[in-house]
Amino acid sequence: MAISLVSISDGCVHGYSTIALPQLQSNETDDALQLSESQGSWFAATAAGSGIIFAPLGGALSSKIGRKKLVLICSPMVVIGWMFIANATDKYLLFTGRLISAIATYAMMSAPSAYISEIAHPDFRATLASLPGFSLSVGLSLVWVLGYFFTWKTIAFLSIFPPSILIILLLYLPESPYWLVKEGKNELAQKSLRFYRPINYNITDEFDEINQKNVEKKFHLRRRNFRPFFKAFFRPFSCVGILWILNMWSGYPALSVYLISIMEASGSPIDPALVPTMIGIMRVSIAGILPFMVQKFPPKMTFAIGQFLKAVSMTFIGLFFTFQYLYPRSMYVAIFNWVPFVMIIAQFFLRSVAVQPVLYTLVGELFPTEIRTLAVGIVQSSFFASAFIIGKC
């Protein structure tokens, strides 16, 4: 779906540091653009830091002006940000472009989950709700794959295409029928619902249900003021919000950003620059088939098993580097230098297969319509806060 290009753009922003930092910190880079270790960590953390503030602000704005309009406002800013990076001649332009592209991307990140949940037919909602997670994997993976063949400037230029295509496609798509009903635009809401349903589909019952839910929610909001928000927000957040935060603190942000450096430190015979490409190809392949498999496996069991195996693989990575630090001259360091590579592959595989699909489905479905984009923005803000702290520590 077109709206999933927002998540692909997020993947580009998220994955860019992994391939750009080694090049920007290389001695071969021009002095005006070469980043120190401290500057490199700020370059990586800038994106997550901007998401802390602008993800919930974008969520609130989406509820106010609509999902479609928010994306149409933010997408051109993403293009401008990438153009700044692609044409950067000094560090100021580099960081400015990074900040603009991240702010605009994360401001509209709450829109895909809400939009898809609100336009999808109930029979397909669970499958389609996982699309943002898969699209993020696709965007990140494409950047990693292309990063092996092209420079950081070329990758920045190529990252302009997803938001540019999104602008063109979204001009022809209607706003979410749920949002239109909330705003009292029932006629447009009916047209929107007809657009997203088969030609011979009778929308009367579904539209009446949407309208009835909207009336009930407005009644409760008038009667109980802010109490419904807190009740409607904190119950789902105690589930999906905490899971998102714990998932970030499992070490994924550091593993993702410093992937090449970790592989170099392991002493593996595999070219460290090739590892993101290999992982990217794997994730793109998985993303192509997973939307059709989401409903085939129990999500709770899948998530639990995936998290357990991720913990095991991260433990092995930690044990290897601890042993390498304590006994750097031991022959076992060379014998087992394949362990980090295998465990890193396992980390990204399990995240793509067992973790992300469940998290994105939950965040798209658990929150009520009237607070959905704001609530999703707050969840994402906690996600970015965790990533920022981990990235700077």
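Residues numbered from 1 in each chain as written. Predicted model: local features only at pLDDT ≥ 70, side-chain atom pairs only at ≥ 80, totals over all residues. Heavy atoms only, no water.

## Concerning the overall build of the protein
Move 1: Helix and strand counts for the protein stand at 20 helices and zero strands.
Move 2: Taking all 393 residues of the protein together, the buried fraction comes to 51%.
Move 3: Considering only contacts in the protein between residues 6 or more positions apart, those separated by 24 or more positions represent 80%.
Move 4: Total accessible area computed for the protein in this model is approximately 18000 Å², and 68% of it derives from carbon and sulfur atoms. (Helix = DSSP H or I, 4+ residues; strand = E, 2+ residues; numbered from the N terminus. Buried < 20%, exposed > 50% of the residue type's maximum accessible area, 1.4 Å probe, protein only. Contact = heavy atoms within 4.5 Å. Areas by Shrake-Rupley, 256 points an atom, 1.4 Å probe, with all protein chains shown as cover.)

## Topic: the nonpolar core
Move 1: Formed by 87 residues in total, the largest nonpolar core has its most connected members in Tyr16, Trp82, Ile344, Phe348 and Phe367.
Move 2: Every residue in contact with tryptophan 82, bar those within four places of it in the chain, is listed here: Cys12, Val13, Tyr16, Ser101, Ala156, Ser159 and Ile160.
Move 3: Counting residues in hydrophobic clusters, the runner-up holds nine residues, among them Val181, Leu193, Ile203 and Ile210. (Core = buried A, V, L, I, M, F, W, Y, C linked by side-chain atoms within 4.5 Å.)

## Side note on a nonpolar patch on the surface
Move 1: A cluster of nonpolar side chains, namely Phe323, Tyr325, Leu326, Tyr327, Met331, Tyr332, Ile335, Phe336, Trp338 and Val342, defines an oily patch on the protein surface of about 1100 Å² accessible area.
Move 2: Along the chain, the position of phenylalanine 336 falls in the loop between helix H18 (331–335) and helix H19 (339–365). (Patch = residues over 30% accessible without salt bridge, like charges linked within 9 Å, V, L, I, M, F, W, Y side chains within 5 Å. Salt bridge = Lys/Arg side-chain N within 4 Å of Asp/Glu carboxyl O.)

## Describing the pattern of salt bridges
Move 1: Applying the stated criterion across every chain, the model contains two salt bridges.
Move 2: Residue glutamate 118 is joined to arginine 67 by a salt bridge in which the shortest nitrogen-to-oxygen separation is 2.6 Å. You can see glutamate 118 sitting in helix H5 (residues 110–119) and its partner arginine 67 sitting in helix H3 (residues 67–86), a full 51 residues away along the chain.
Move 3: Glutamate 118 sits in the buried class, given a relative accessible area of 1%.
Move 4: Among the residues examined, arginine 67 registers a relative accessible area of 1% and is labelled buried.
Move 5: A salt bridge links glutamate 183 to lysine 182; the shortest N-O distance between them is 3.0 Å.
Move 6: Given the relative accessible area of 35%, glutamate 183 is considered partly exposed.
Move 7: A relative accessible area of 22% places lysine 182 in the partly exposed class.

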